[in-house]
Amino acid sequence: MENNSKAKIMGMSKDWFVDEKLMDDIEKKVLYATLENKSIVVSGSAGSGKSLIAVTIAKRVEEKQLGGRMIVVYTKALEEYIREGIKTLNFNCNLTHHEPWKWKSVEKWDANGNRYFVKELNCPHADYFVVDEIQDFSLDDIELFIKSTEKYCCFFGDMAQSVYQKGKITMKQVLDSIPASKNPKAYTLYYNYRLPVGIAKAAQYVGVNLEPFEELKYKSKEKTIPIIVKEDNRSNQISIIADYCKEHISSKTAILVPYKLDVINVCTKLRELGVNCEMKYDVPDPFKEAAKSGKKLNGVPDELFRSVDTLDFSTDNVKVLTYHSSKGLQFQTVFLPWINQNPQYAGEMRTPLYVAMTRTYRDLIILHQGYLPYPLSTIPKELYKTKMTNSIEDK
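This is a predicted model, so every value here is computed, not measured.

(A) Here's a closer look at the pairing of strand 13 (residues 318–322). The buried fraction of strand 13 amounts to 5 of the 5 residues, a majority that puts the element mostly inside the structure. The alternating pattern of strand 13 places V318, V320 and T322 on one face and K319 and L321 on the opposite face, and all of these are buried. Sheet topology note: the strand 10 (residues 253–257)/strand 13 ladder contains 4 bridges and is parallel. Paired with I255 across the strands is V320, a residue of strand 13. Note: strand 11 (residues 277–281) against strand 13, 3 bridges, orientation parallel. Its bridge partner lying in strand 13, M279 is registered against V320.

(B) Layout of the sheet that holds strand 14 (residues 331–339). If you walk across this open sheet you meet the 7 strands as 9-15-14-10-13-11-12, and the pairing is mixed. Two strands lie at the open edges of the sheet, namely strand 9 (227–230) and strand 12 (308–309), each paired on one side alone. Sheet strands touched by helix 9 (residues 260–272): strand 10, strand 11, strand 13 and strand 14. Its angle to strand 11, the strand with the most contacts, is close to 165 degrees.

(C) Broad picture of the sheet that holds strand 6 (residues 126–131). With parallel pairing, 6 strands are arranged side by side in an open sheet as 3-2-6-7-1-8. Each end of this open sheet is capped by a strand with a single partner; those strands are strand 3 (94–97) and strand 8 (184–188). Across the sheet, the axes of successive neighbouring strands diverge by a mean angle of 15 degrees, strand direction being ignored. Here 4 bridges tie strand 2 (residues 69–73) to strand 6, and the two strands are oriented parallel to one another.

(D) Inspection of helix 5 (residues 139–147) at higher detail. The set of residues buried in helix 5 consists of D141, I142, L144, F145 and I146. At its buried positions, helix 5 is contacted by strand 2, helix 4 (98–102), strand 5 (115–121), strand 6, strand 7 (149–157) and helix 6 (171–177).

(E) How the structure looks around unusual backbone geometry. P375 follows Y374 through a cis peptide bond whose omega is 10 degrees. In this structure, W338 takes a positive phi of about 60 degrees despite not being glycine. With respect to the helices, strands and loops of the structure, W338 is situated in strand 14. Given the relative accessible area of 3%, W338 is considered buried.

(F) Just the state of the cysteines, in detail. Going through the model one piece at a time under the given rule, you end up with 0 disulfides. As a non-bridged cysteine, C154 has C153 as the owner of its nearest cysteine sulfur, 6.9 Å distant.

(G) Seen up close, the nonpolar core. Judged by nonpolar contacts, the single largest core of 67 residues is most densely connected at F156, L336 and M357. Examining the composition of this core, we find that 7 residues originate from one element, helix 2 (residues 50–63), more than from any other. When near neighbours in sequence (up to four residues on either side) are disregarded, M357 contacts L195, I199, A202, A203, V206, L336, L364, I366, L376 and I379. Residues A242, Y244, I255 and V318 belong to the second largest nonpolar core, which totals 27 residues.

(H) Summary view of the pattern of salt bridges. Applying the stated rule across the entire model yields 22 salt bridges. Between E120 and K108 there is a salt bridge, with the nearest N and O atoms lying 3.5 Å from each other. Of the two residues, E120 is situated in strand 5 and K108 in strand 4 (residues 103–109); the sequence distance between them amounts to 12 residues. With relative accessibility at 31%, the residue K108 sits in the partly exposed group. One salt bridge in this structure joins E143 and K147, with 3.1 Å as the shortest N-O distance. Of the two residues, E143 and K147 both sit in helix 5, 4 residues apart, roughly one turn of that helix. Look at E143 and you get partly exposed, because its relative accessible area is 41%.

(I) Spotlight on helix 11 (residues 350–357). Buried residues dominate helix 11, accounting for 8 of its 8 residues. Along helix 11, the residues classified as buried are R350, T351, P352, L353, Y354, V355, A356 and M357. Where the residues of helix 11 are buried, they touch helix 7 (197–203), strand 10, strand 14 and strand 15 (360–368).

(J) How the structure looks around the environment of T170. Looking at the secondary structure, you find T170 in the loop between strand 7 and helix 6. The class for T170 is partly exposed, based on a relative accessible area of 37%. Sequence separation between T170 and M279 is 109 residues, and the spatial gap between their C-alpha atoms is 32 Å.

Basis of the calculations
- Residues numbered from 1 in each chain as written.
- Predicted model: local features only at pLDDT ≥ 70, side-chain atom pairs only at ≥ 80, totals over all residues.
- Heavy atoms only, no water.
- Buried < 20%, exposed > 50% of the residue type's maximum accessible area, 1.4 Å probe, protein only.
- Helix = DSSP H or I, 4+ residues; strand = E, 2+ residues; numbered from the N terminus.
- Pairing = 2+ DSSP bridges.
- Contact = heavy atoms within 4.5 Å.
- Axes fitted to C-alpha atoms, helices over the stretch in contact; angles between N-to-C directions.
- Disulfide = S-S within 2.5 Å.
- Core = buried A, V, L, I, M, F, W, Y, C linked by side-chain atoms within 4.5 Å.
- Salt bridge = Lys/Arg side-chain N within 4 Å of Asp/Glu carboxyl O.

What follows is the structure, given as structure tokens:
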């Protein structure tokens, strides 16, 4: 598969190279703006190449010896993904996710000689700040980024993918936060190079406050459409996924689930079926509170009180993450199992579901129990298939 204006997307280590001769005018302006002493705020939909351009800007700053570079993202998973890109492009850059950039743990001692730790602001400075998924940060965070920027800042985001920031911000607010002395400019990436148009059409019925659909925006040559399969047995759903993974060992496959405990359960079942998988599991908040108070939750295994992150984007192992943790990532094949009649799909889980649906650059397979819940039920039936072939590549 080859896109019209990007290098081949053939896996995690192959999608970081930019051919400027194939870039459109807006992309070139974004790429060179920071080198021309501008701060930038860049909007772009899922698949428009925001992360790719963000990393490329950091590389260009190094090549031109303009100063120190810092890339900050919101999630640990996106940090690890971008780290693989930096390694592929072979340049040096400070990279971190939100929590360790903002906070540091400081050792203290009380009057009785007992040691304890407190959180204090960290916020290391850099000449150039590149922040991806800016919509998930608060305005206070953005102010800290700007204060920590010695020269120019580059902020990339998409309001339609805001899943962490409850008090929604706008890209105009982000732009207005940057002082005139840093010469802020706003750009919008128009074309979408990753998402197959057939999947984009279906996702349009799920996302919230999206721009009107324009088919001409989508440049991927992939002709795939979603596959939505009803399978009421949850174990059978994982068996279907395991069979696919065994057939396609070298494909970049992700299984995205709504809740943290689902990550553990899916990964456990896959391993029982002989599938190598990696996961990112964060201890759910109720478990954290129980651990702090010393309470024992009946029937909850000890391992669920320990966070686990085995993601390695240099391998072909299946990745298992929550919808939230998948932000900014991309995979050849994305499975969304265990979809049910949970009313949260129409509420707080709606935008995360949209994010999960748009992580693929080829295949999207949704496995559900019972009737298809809203808003998935609003997708016209002619926009998806209801059966998997022996090889979903045989469309």
